[in-house]
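Observations on the three-dimensional arrangement
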Amino acid sequence: MNGFEDYNIQYIKGVGEKRAQLFNKLGIFTVEDLLRYYPRKYQDWSKTATVKECENGDTVTIKATMITPVKEAMIRKGLTLYKCNFSDGESVIHVTIFNNKYLAKALRTFDDYILYGKLEKSFTQTSMSSPQIEKDDSAVGIHPIYPATDKLNSKAIAKTVKTALDKLEHIEDTLSDELKSEYDLCSLDFAVRQIHFPDSERNIAIARKRLIFEELLTLQLGLLKLKDKKTVKNTLRLKTDFSGDFYSLLPFEPTGAQKRAVNDCLKDMRSERVMNRLIQGDVGSGKTAVAAAVMYSAVKGGYQAAMMAPTEILAAQHYESLAKLFEGTPLRLALLTGSTKPKEKKEIKAALMDGEIDIIIGTHALIQNDVEFKSLALVVTDEQHRFGVEQRATLAMKGDNPHTLVMSATPIPRTLGLIIYGDLDISVLDELPAGRQKIRTDVVDTSYHERIYNFIKKEVDSGRQAYIVCPLVDEGESDLISAKEYAEQLSTEVFKGYNLGLLHGKIKPKDKDNVMNAFARGDVQILVSTTVVEVGVDVQNATVMLIENADRFGLSQLHQLRGRVGRGSEKSYCILVSDNNSDSSKERLQVMKQTSDGFKIADYDLKTRGPGDFFGKRQHGLPDLAIADMLEDMETLKECQKCAKKMLSEDINLNKYPALCREINNMFRKARY
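What comes next is a walk through the structure.

Thresholds, definitions, all that
Residues numbered from 1 in each chain as written. Predicted model: local features only at pLDDT ≥ 70, side-chain atom pairs only at ≥ 80, totals over all residues. Heavy atoms only, no water. Helix = DSSP H or I, 4+ residues; strand = E, 2+ residues; numbered from the N terminus. Buried < 20%, exposed > 50% of the residue type's maximum accessible area, 1.4 Å probe, protein only. Contact = heavy atoms within 4.5 Å. Areas by Shrake-Rupley, 256 points an atom, 1.4 Å probe, with all protein chains shown as cover. Expected span 1.5 Å × (residues − 1). Polar contact = N/O pair within 3.5 Å; in protein donor to acceptor, adjacent residues only side chain to side chain. Salt bridge = Lys/Arg side-chain N within 4 Å of Asp/Glu carboxyl O. Pairing = 2+ DSSP bridges. Axes fitted to C-alpha atoms, helices over the stretch in contact; angles between N-to-C directions. Left-handed = near helix turned anticlockwise from the far one by under 90°. Nonpolar A, V, L, I, M, F, W, Y, C, P; charged D, E, K, R; others polar. Phe/Tyr/Trp six-rings, centres within 6.5 Å; stacked < 30°, edge-to-face > 60°. Lys NZ or Arg CZ within 6 Å of the ring centre and 35° of its normal. 1 Å grid on protein atoms, 1.4 Å probe; cavity = no way out; pocket = protein on both sides within 12 Å on 5 of 7 lines; lining within 4 Å. Points joined across faces, edges and corners; volume = space filled by probe spheres on them. Core = buried A, V, L, I, M, F, W, Y, C linked by side-chain atoms within 4.5 Å.

1. Some details on the overall build of the protein
Counting its regular elements, the protein contains 23 helices and 23 strands. Looking at the 673 residues of the protein, the share that counts as buried comes to 53%. Here the analysis covers contacts within the protein between residues at least 6 apart in sequence; of these, 73% occur between residues at least 24 apart. Surface exposure of the protein reaches about 32500 Å², of which carbon and sulfur atoms provide 47%.

Following this line, the structure appears as structure tokens:
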């Protein structure tokens, strides 16, 4: 953009230091940011009409003359109405303005204006409530509407964008003429100008096509280049596949999917390039067994392995299950967390450095500066979305380019997975181990509460445990009861005499671990919680998962919660409570009742709710998208994947595309990579 793209927003005419701070809150710091801040919708003022040509309820643009002065009336404190009449030459329009003293004072009798708003017609009169009123004829056209704030409205943003565009003679293109021709794309200059101030609906479509393609292409190129950076030469090659020996240690027959995933990993580790692989599997699909098999082969090959979990309790659980599995073998295991006693920590660190520990399981404690390995060849991270890329990279730096294996229990449609985990190869565990209990799922309304509570008592009295999950924590967030309130109510009324625990996001990590440990030991019989239990300790004794206001959750999230039960030999139950009678809500919850396949559920969630569950707060480091939509633009996404691969095969450093390289850098600089 001719050097203007890095120009600070503060120095654009009409902005200044204070208003720049308001732009900054919207993520706009430079002209580049401003021009990439696209309208969320448009108002079409391009076609003017007379009152006689319009129907009641139409949203219209009318050229009219103000024919009476403004009359002011205070209805109550904080609400002032301003009334005046306009005429389009044939009909009178009664206009009411709410609480806008500035506009009311600016209006002048017998001046001409443009009115835009909803027309209300009756037999006796025509009126408009709080229409938008503009003095200038230039208001006729298509108006951009931007995501705005109370202190920085859409109109102010549009004015600043126009000032910036007027200063730019020409916007440098990021794509070659050949690419634009091949994919039928307009120039970037045309696209940016028309997306903000379009001349027609057709031009909006043309501009959107170009900008969506460019954004998805930029994303794909960035991910492929990132993946290429990670494909370094393998200096820790395994010579032998020990998976057969490992399978003999298992008390069960591994599934075909588990064997395929282990084979994928070992094939990577025996190749010329370092492994960077994701094991993506549904709840209970046996990801840990796959990781154990790969760690076993690494250790038998003469190396060390490390496994990092997001919480102490999950790390301890992995340690216990692996220690039990490898009992009787020469493998030496250790657990290192923040709670490990200082003397023991010192001993573990010394043993790691001397190579006396083969497999270390731990939390963030593993990435402390004084943790060193003798021959680290494999790094495994569990629930990878809980770790920043920097944390995973720090652990990987403990060795000489060790192999990386990450695990995720969030089922994601494969096409989407290729985007989210674009820097990783993917193995999918799409089979459940034999003997895994099917969880009975019921959908009921709140009239069933008494029966549900009695059922939970029956289960608890039989020595089992239950989860009760609420969507909110704080009082006053809505009309829903918070987990804290609900726990207090249940402990003093329905479940008086039972041991209840409370878990939510605002409890300190140490206290959270104490509650979960008490639940795991069986000291807490009923755990009232928010979704923090979605990924947590494996409590095989828990048989009931009650989810209140289930319609407030995404289906994939409900599926994760359901996976907290059914881990032991006892029959388990998931009860979804909702009073939402809308057809869409009923249909969504019935999907939960009818299928236990996390990938089918994820597909349905994606189609009905969009990619929010996958690209919201749990974005896995993926850059934000300004205009493209992963669901709506899936076909374009596929085109961009092919295009990106072809471009990099012909020009690995994209030397022909300096402007596009800058876009890639900008996009990934803002992400959490």
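Having put the structure on the table, let's press on.
2. Considerations on helix α4 (residues 154–167)
Taking 1.5 Å as the rise per residue, α4 with 14 residues should run 20 Å; its terminal C-alpha atoms sit 20 Å apart, in good agreement. Within the sequence span of α4, burial applies to Ser154, Ala156, Ile157, Ala158, Thr160, Val161, Ala164 and Leu165. Tucked inside the fold, the buried residues of α4 contact α1 (16–25), α2 (31–35), β10 (142–145) and α6 (188–196). Where α4 begins, one side-chain oxygen reaches toward the backbone nitrogen of lysine 155, 3.3 Å away; that side chain belongs to asparagine 153.

3. Considering unusual backbone geometry
In this structure, aspartate 184 is a non-glycine residue whose phi angle is positive, near 55°. By the element assignment, aspartate 184 lies in the loop between α5 (177–182) and α6. What makes aspartate 184 exposed here is its relative accessible area of 57%. Phi at asparagine 401 takes a positive value of approximately 50°, unusual for a residue other than glycine. The topology assignment puts asparagine 401 in the loop between α13 (389–396) and β16 (403–408).

4. With respect to the pattern of salt bridges
It is possible for side chains bearing opposite charge to pair when their charged atoms get close. If you walk through the whole model with that rule in mind, you get 25 salt bridges. In this structure, the salt-bridge partner of arginine 36 is glutamate 32, at a minimum N-O distance of 3.8 Å. Considered together, arginine 36 and glutamate 32 belong to a single accessibility category, that of buried residues. Taken together, the shared-partner salt bridges connect Glu32, Arg36, Asp173, Asp177, Lys180, Arg210, Glu214 and Glu663 into one network.

5. Notes on the sheet that holds strand β20 (residues 500–503)
Spatial strand order, β18-β23-β22-β19-β21-β20: 6 strands in an open sheet with parallel pairing. Lying at the two open borders of the sheet, with one neighbouring strand each, are β18 (440–444) and β20. Across the sheet, the mean angle from the axis of one strand to that of its neighbour is 15°, orientation sign disregarded. Examined bridge by bridge, strand β22 (residues 542–547) and strand β23 (residues 573–577) share 4 bridges and lie parallel to one another. From the neighbouring strand, isoleucine 547 faces β23, where its bridge partner is leucine 576. Helix α15 (residues 449–461) rests against β18, β19 (465–469), β21 (526–529), β22 and β23 of the sheet, and its axis sits at about 160° to β22. Its contacts with the sheet put helix α19 (residues 583–594) on β18 and β23, and the angle it makes with β18 is roughly 160°.

6. A short note on the packing of helix α18 (residues 555–562) against α19
Where α18 meets α19, the closest approach of the two axes is 11 Å, and the angle between their N-to-C directions is 35°. Handedness of the crossing formed by α18 with α19: right-handed. Residue-level contacts link Leu555, Leu558, His559 and Arg562 of α18 to Arg588, Leu589, Val591 and Met592 of α19. Taken together, the residues of the contact of α18 with α19 break down into 5 nonpolar, 1 polar and 2 charged.

7. Structural notes on the packing of aromatic side chains
The final tally for this structure, using the stated rule, is 13 aromatic pairs. Here the aromatic rings of tyrosine 183 and phenylalanine 213 are separated by 4.7 Å at their centres, their planes lie at 40°, and the arrangement is tilted. Residue tyrosine 183 is found in the loop between α5 and α6, and its partner phenylalanine 213 is found in helix α7 (residues 201–230); the two are separated by 30 residues along the sequence. Judged by relative accessible area, which is 2%, phenylalanine 213 ranks as buried. Relative to tyrosine 573, the ring of phenylalanine 455 has its centre 4.8 Å away and its plane inclined at 85°; by these criteria the two rings are edge-to-face. In this pair, phenylalanine 455 sits in helix α15 while tyrosine 573 sits in strand β23, placing the two residues 118 residues apart along the sequence. In this structure phenylalanine 455 comes out as partly exposed when scored by relative accessible area, which is 22%. Classification of tyrosine 573 as buried rests on a relative accessible area of 18%. Members of the aromatic cluster, each reached through a chain of ring pairs, are Phe246, Tyr247, Tyr296 and Phe326. Here the basic side chain of lysine 259 rests over the ring of tyrosine 247, its NZ or CZ set 5.8 Å away from the ring centre.

8. Structural notes on the pairing of strand β6 (residues 112–118)
For β6, the buried fraction is high: 5 of the 7 residues fall into the buried class. Inspection of the sheet shows β6 paired to strand β9 (residues 132–134) by 3 bridges, in the antiparallel sense. The residue bridging tyrosine 116 from the neighbouring strand is glutamine 132, located in β9.

9. Comments concerning the sheet that holds strand β11 (residues 276–281)
The 7 strands lie next to each other as β13-β14-β12-β15-β16-β11-β17, forming an open sheet whose pairing is parallel. This sheet does not close on itself; its edge strands, each paired only once, are β13 (333–336) and β17 (425–429). Across the sheet, the mean angle separating the axes of adjacent strands is 20° when strand polarity is ignored. Looking at chain direction, β11 and β17 are connected through 5 bridges and run parallel. Within β17, the position partnered with glutamine 280 by the bridge is valine 428.

10. A short note on empty space enclosed by the protein
This structure, assessed with the given rule, holds 1 cavity of 30 Å³ or more. One number sums up the size of the largest cavity: a volume of about 30 Å³. If you go around the largest cavity, the residues you meet are Phe246, Tyr247, Leu250, Pro254, Gln258, Val262, Ala289 and Val290. Counting only elements with at least two residues in the lining of the largest cavity, the list comes to α8 (243–247), α9 (256–269) and α10 (287–300). A class-by-class count of the residues in the lining of the largest cavity yields 7 nonpolar, 1 polar and no charged.

11. A closer look at the nonpolar core
Membership of the largest hydrophobic core comes to 56 residues, with the highest contact counts inside it found for Leu35, Leu217, Leu221 and Met647. Residue contributions to this core peak at 9 residues, all from α7. Ranked by size, the runner-up nonpolar core spans 42 residues in total, among them Phe242, Met269, Ala292 and Tyr303.

12. Side note on the packing of α9 against α10
A pair of packed helices is characterised by two quantities: the angle between their axes and the separation of those axes. Closest axis-to-axis distance for the α9/α10 pair is 9 Å, and the angle between their directions is 35°. The handedness of the crossing between α9 and α10 is right-handed. On the side of α9, the interface is formed by Gln258, Ala261, Val262, Cys265, Leu266 and Met269, while α10 contributes Ala289, Val290, Ala293, Val294, Ser297 and Ala298.

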